[in-house]
Amino acid sequence: MCAVLAAFTFFGVYRNESTASAEARAEIAMELTTETVLTQKNADARLPMASTTKILTAIIIVEDCDLEEVITVPDCAVGTEGSSIYLKKDEQINIIDLLYGLMLRSGNDSATALAVHHSGSTEKFAQVMTERAKKMGAENSNFKNPSGLPDDEHYTTARDLCKIACHAMRNDTFRKIVSTTDYRGSYRSFHNKNKMLYSCEGANGVKTGYTLKAGRCLVSSAERNGMDVVCVVLNCPDMYERSSVIFDNCFNNYKLLKLDENKVFMCNKVLCKIKNSKSIVLKTNEKMKYRVIPVNNPEDNEIAQLEIYSENNLIFTEKLYSIIDK
């Protein structure tokens, strides 16, 4: 019999939880790599999201543009309504400095300049935003501008925004920008006004937002003990306090199992392993069991199926391949 039963042992770190502060109109937290939902409330309600919009603006620019390119600030960006980095007419500035101004100081003028550079107009860029968001799994969002200024047709959900943020935080350049507290660029220097970076253990991003219609909004990210969690709170009066409570709850109650591609299993005396490393989110006190099930008609060196169980519930399956090419 090839089926093997074994147990994984884990060690959890516990911390005292503070009393929850005023809750958000909608909230969600996901583990970054798997996008496993750890907690949620009204996560699919369509809501305005203010300047957390800029997460999508920034990741599109990071993915599509030469960040060292120097551009001339377009007239339409000068004096843009709301928060600003005070761009001047015909000012020369590179894309990377505009990105830091966008994410650290929430510059609406920076958002406009970047959108026009990318697509020729803010309207065309908003179309790109909606299309790109859908590719990130955000199916219930619509974007009308790159900054988050109020518009009845500009909305997202906590779930969609968290998926967008998870996608963005997996990009090293984006991650570096939003985790920076003080930036000194070639053309501008900025201090990050996201208080989460200074008050929450492991915090490393991402963006604040506020309008009268949207209320206080915060997308934040933190890493502890090898697990990254992204949290979204929308229309939350105590957004920093509430997000900190959510992080503490998530890190106290969940852990990340990393199944390395180099871990070797055995089936009928044949050594085998998965093709690529995988991650699984578990509750802190759970002990995992696994079974290796032989494949009757193997193809392409696949010889078995790995099954991982938690309390007799199947939570993960993956093909196992011989480590010796045939």
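Asker: So what about the packing of helix α1 (residues 54–64) against helix α5 (residues 158–169)? Which residues, and what values?
Answerer: Across the interface, α1 lies against α5 with an axial gap of 10 Å and an inter-helix angle of 35°. The hand of the α1/α5 crossing is left-handed. Along its contact with α1, which presents I55, L56, I59 and E63, the element α5 presents I164, A165, H167 and A168. When grouped by side-chain class, the residues that make up the contact of α1 with α5 number six nonpolar, one polar and one charged.

Asker: Lay out the nonpolar core in plain terms, naming residues and giving numbers.
Answerer: Core analysis: the biggest nonpolar cluster contains 61 residues, and I55, L56, L98, L99, M103 and F174 have the highest contact counts within it. In this structure L99 touches A58, I61, V62, L67, S110, L114 and I177, once residues within four positions along its chain are discounted. Among the nonpolar cores identified, the runner-up in size contains 22 residues, and L197, C200, Y240 and F251 belong to it.

Asker: Lay out the packing of aromatic side chains in plain terms, naming residues and giving numbers.
Answerer: Within this structure, the stated rule accounts for four aromatic pairs. Between Y183 and F190 the ring centres are 6.5 Å apart and the planes differ by 5°, which places this aromatic pair in the stacked class. The buried category is assigned to Y183, whose relative accessible area is 13%. Summarising the aromatic geometry, the rings of F265 and Y290 are spaced 5.2 Å apart at their centres and angled 80° between planes, so their arrangement reads as edge-to-face. Of the two residues, F265 is situated in strand β12 (residues 265–267) and Y290 in strand β15 (residues 288–294); the sequence distance between them amounts to 25 residues. Taken as a pair, F265 and Y290 share a single burial class, namely buried. It is R216 that lies over the ring of Y210; its NZ or CZ is 5.0 Å from the centre.

Asker: Can you lay out empty space enclosed by the protein for me, pointing to particular residues and giving the numbers?
Answerer: Under the definition given, this model contains two cavities of 30 Å³ or more. Each pocket or cavity is described by its volume, and for the largest cavity that value is around 60 Å³. Considering the residues around the largest cavity, the lining is formed by P48, M49, A50, G148, L149, P150, D151, H154, T211, K213 and A214. Counted as a void, the second largest cavity has a volume near 30 Å³. In terms of lining, the second largest cavity is formed by M103, L104, N192, K193, N194, V206, K207 and T208. Considering each element in turn, the lining of the second largest cavity owes the most residues, three residues, to strand β8 (residues 203–211). Of the residues that constitute the lining of the second largest cavity, the class distribution is three nonpolar, three polar and two charged.

Asker: Requested: an account of a nonpolar patch on the surface, with residues and values cited.
Answerer: A cluster of nonpolar side chains, contributed by V264, M266, L271, I323 and I324, occupies part of the molecular surface with about 440 Å² of accessible area. Here I324 lies in the segment after β17 (313–322).

Asker: Explain the environment of G107 residue by residue, including any values.
Answerer: Topologically, G107 is positioned in the loop between α2 (95–104) and α3 (108–119). Residues G107 and L87, 20 residues apart in the sequence, show an inter-C-alpha distance of 9.1 Å. Apart from residues no more than four positions distant in its own chain, G107 is found in contact with K54, S83, S84, I85, G101 and L102.

Asker: Tell me about the pattern of salt bridges, and please be specific about residues and values.
Answerer: Across all of its chains, the model carries ten salt bridges by this definition. Two residues, R132 and E63, come together in a salt bridge whose shortest N-O distance is 3.1 Å. Taken together, the residues R132 in helix α4 (residues 122–135) and E63 in helix α1 connect sequence positions 69 residues apart. Assessed through its relative accessible area of 17%, R132 is described here as buried. A salt bridge links D228 to R175; the nearest nitrogen and oxygen atoms lie 2.6 Å apart.

The rules we used
Residues numbered from 1 in each chain as written. Predicted model: local features only at pLDDT ≥ 70, side-chain atom pairs only at ≥ 80, totals over all residues. Heavy atoms only, no water. Axes fitted to C-alpha atoms, helices over the stretch in contact; angles between N-to-C directions. Helix = DSSP H or I, 4+ residues; strand = E, 2+ residues; numbered from the N terminus. Left-handed = near helix turned anticlockwise from the far one by under 90°. Contact = heavy atoms within 4.5 Å. Nonpolar A, V, L, I, M, F, W, Y, C, P; charged D, E, K, R; others polar. Core = buried A, V, L, I, M, F, W, Y, C linked by side-chain atoms within 4.5 Å. Buried < 20%, exposed > 50% of the residue type's maximum accessible area, 1.4 Å probe, protein only. Phe/Tyr/Trp six-rings, centres within 6.5 Å; stacked < 30°, edge-to-face > 60°. Lys NZ or Arg CZ within 6 Å of the ring centre and 35° of its normal. 1 Å grid on protein atoms, 1.4 Å probe; cavity = no way out; pocket = protein on both sides within 12 Å on 5 of 7 lines; lining within 4 Å. Points joined across faces, edges and corners; volume = space filled by probe spheres on them. Patch = residues over 30% accessible without salt bridge, like charges linked within 9 Å, V, L, I, M, F, W, Y side chains within 5 Å. Areas by Shrake-Rupley, 256 points an atom, 1.4 Å probe, with all protein chains shown as cover. Salt bridge = Lys/Arg side-chain N within 4 Å of Asp/Glu carboxyl O.

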